[in-house]
Amino acid sequence: MKLLVFGSGYVARGMVKYMKPEAAAYFSPRKDETLDSLGASWIEGSVMDAGKVMEACRDFDTLLYAVRTKNTNQMSNFDANITGVKNVVAAVRKYDRDQRLIFMSSINVTYGTTEFLRTRRTGEDNASLVKNHLIVRSSFIFGDGDWFTEIIKKIAESGMTKLPGVGNLAPVFIGDLAQVITRASDLRGAVDVSSTQKVSLLDAVNKYREIRGLKPAKGKDSPRAVAKLKRTMVENGLVTEEMAEYLTMDFQRENTYLTRYLDKYTGYLDYLSQTLKG
């Protein structure tokens, strides 16, 4: 596999590390030390530049689109999720060599109302125009240096005594996610990837607090209480309004491809215990 990853963030790094391609490059405006250390070549450019995207795609058989905007103001949701995807799709269709396009999407994308999920849904529509495509709808992703655990840590150390007790974040380990993508090489279409373990925001925060010897938070599940607690997290600068919404959603899917391809996988609460105690 000759892999070109669009993006240089956490997911892009994890895919290069765990998919273990014979050759890899990443297309990004910024050089990344981690990707460089993994042996990936840097192709400088923006997904907004159709000409550079076209040129970059030429020599690779697998293209993985992992441009994200959740934690950065570098690019708008529309640019990252729609315009950038269109440019990659145009390149694949022009070369017409059955290149595989892997589009990193999100569970809940089909009915989400946030701008990110709406534009990501359109991105899926565009990616599906490529015959050999795989749309990967994942739950929250964790692993070494992930931003999801940083959010849990921030909330856990905030001293909030009450938290929403609803939702199932069903986080998936990035190494497991990469294995699913690799083993699904013959699949086309959209797949859901989440763990089968129930892990709410409250569960994750209280596991962190337990390991650190802190007092657990109490969960509230009435709609009024949940709405109030989400506002409190936003007002206290812990998360954005959009993220507060995500943290109370259900991300578990019964038809997850995680269990179709893996007999064992890494659970998030176990990962927290091993990481924080280690």
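Please refer to the structure placed before this passage.
Described in the following lines is the structure provided in the data block. Position labels on residues start from 1 in each chain and follow its written sequence. In view of the model being predicted, local features appear only for residues whose pLDDT reaches at least 70, and side-chain atom pairs are presented and counted only at 80 or more, with totals across whole chains, interfaces and linings using the full set of residues. Only heavy atoms go into the side-chain values, all of them from the structure, while hydrogens and water stay out.

**Some words on the overall build of the chain**
Worth spelling out the cut-off: Segments assigned H or I by DSSP are reported as helices when at least four residues long, segments assigned E as strands when at least two residues long, and all are numbered from the N terminus. Put simply, the radius of gyration uses C-alpha atoms, and a globule should come to 2.2 Å times the residue count raised to 0.38. Burial classes follow relative accessibility: with a 1.4 Å probe on protein chains only, a residue under 20% of its type's maximum area counts as buried, one over 50% as exposed, and anything between as partly exposed. Any two residues whose heavy atoms approach within 4.5 Å at even a single point are treated as in contact. The accessible surface values rely on the Shrake-Rupley method and a 1.4 Å probe; as for residues, cover is taken only from the protein chains in view. When charges are tallied, Lys and Arg are placed among the positive residues and Asp and Glu among the negative ones, while His and the ends of the chain are skipped. Where a charge sits is defined by one atom per residue type, namely NZ (Lys), CZ (Arg), CG (Asp) or CD (Glu).
What the chain contains, in helices and strands, is 12 helices and 11 strands. Here the C-alpha atoms of the chain give a radius of gyration of 19 Å, agreeing with the 19 Å that 2.2 N^0.38 yields for 278 residues. Oriented by its inertia axes, the alpha-carbon framework of the chain measures out at about 55 × 35 × 35 Å. Residues classed as buried in the chain amount to 53% of the 278 residues present. A separation threshold of at least 6 residues defines the contact pool for the chain, and within that pool the share at least 24 residues apart is 74%. Total accessible area on the chain stands at roughly 13000 Å², and carbon and sulfur atoms take up 46% of it. A distance of 4 Å separates the average location of the 40 positive side-chain charges in the chain from that of its 33 negative side-chain charges.

**Brief notes about the side chain of D146**
Keep this limit in mind: For salt bridges, the criterion is a side-chain nitrogen of Lys or Arg within 4 Å of an Asp or Glu carboxyl oxygen. Contacts described as polar in this section are N or O atom pairs within 3.5 Å, which, within protein, must combine one atom able to donate a hydrogen with one able to accept it, while residues neighboring in sequence count only if both atoms come from side chains.
Along the chain, D146 falls in the loop between β7 (141-142) and α6 (147-156). In this structure D146 is buried but unpaired, with R13 as the nearest side chain of opposite charge at 10 Å. Here F148 takes part through its backbone nitrogen, which lies 3.1 Å from a polar atom of the side chain of D146. Leaving out residues up to four positions away in the same chain, D146 has contacts with Y10, I141 and Y271.

**As for helix α9 (residues 223-235)**
The test is simple: For a helix, the expected span equals 1.5 Å multiplied by the number of residues minus one. Directions from the helix axis toward the C-beta atoms define the arc.
Taking 1.5 Å of rise per residue, 13 residues should cover 18 Å, and α9 covers 18 Å from first to last C-alpha, within 8% of that figure. Burial in α9 covers these residues: A225, V226, L229, K230 and M233. One side of α9 holds all its buried residues, which, seen down the axis, span an arc of 135°. Turned more than 90 degrees away from the buried face of α9 sit P223, R224, K228 and E235, all of them exposed. Looking at the buried side of α9, the elements it contacts are α6, β8 (162-164), α8 (201-212), β11 (218-220) and α10 (241-246). Two residues or fewer past α9, G237 is found with a positive phi of approximately 75°.

**Brief notes about the packing of aromatic side chains**
What counts, and what does not: Put simply, two rings from Phe, Tyr or Trp (the six-membered ring, in Trp's case) pair if the centres are within 6.5 Å, and we call them stacked under 30 degrees between planes, edge-to-face over 60, tilted for the rest.
Scanning the model with the defined rule gives 14 aromatic pairs in all. Both rings, one in F142 and one in F173, keep their centres 5.7 Å apart while their planes meet at 45°; by these two values the pair is tilted. You can see F142 sitting in strand β7 and its partner F173 sitting in strand β9 (residues 172-173), a full 31 residues away along the chain. In this structure, F142 and F173 share a single accessibility class: buried. Taking the centre distance of 4.9 Å and the plane angle of 70° together, the rings of F142 and Y268 count as edge-to-face. Of this pair, F142 sits in strand β7 while Y268 sits in helix α12 (residues 268-277), and the two are 126 residues apart along the sequence. Using a relative accessible area of 0% as the deciding quantity, one classes F142 as buried. Accessibility expressed as a relative area gives 1% for Y268, which makes it buried.

**Section: the environment of K31**
Positionally, K31 belongs in the loop between β2 (23-28) and α2 (33-37). Along the primary structure K31 and W42 are separated by 11 residues, whereas in three dimensions their C-alpha atoms are 6.5 Å apart. Aside from chain neighbours lying at most four places away, what touches K31 is Y26, D36 and W42. Within the structure, the side chain of K31 is placed 3.4 Å from the side chain of D36, a separation counted as a polar contact.

**Concerning the sheet that holds strand β3 (residues 41-44)**
To keep things clear, this is the line we draw: One requirement defines pairing of two strands: DSSP has to find at least two bridges between them. In this description, a line fitted to the C-alpha atoms serves as the axis of each element, helices being fitted only across the stretch in contact, and the angle between N-to-C directions of two axes falls anywhere from 0 to 180 degrees.
Spatially, the 7 strands line up as an open sheet ordered β3-β2-β1-β4-β5-β6-β10, and their pairing is parallel. Two strands in the sheet have a free side with no partner beyond their single neighbour: β3 and β10 (189-193). Strand-to-strand twist across the sheet, computed as the mean angle between neighbouring axes with direction ignored, equals 20°. Of the pairings in the sheet, the one linking strand β1 (residues 2-6) to strand β4 (residues 62-65) comprises 4 bridges and is parallel in character. Residue pairing for β4: V5 is matched across the bridge by L64.

Nothing here speaks to function; it is geometry throughout.
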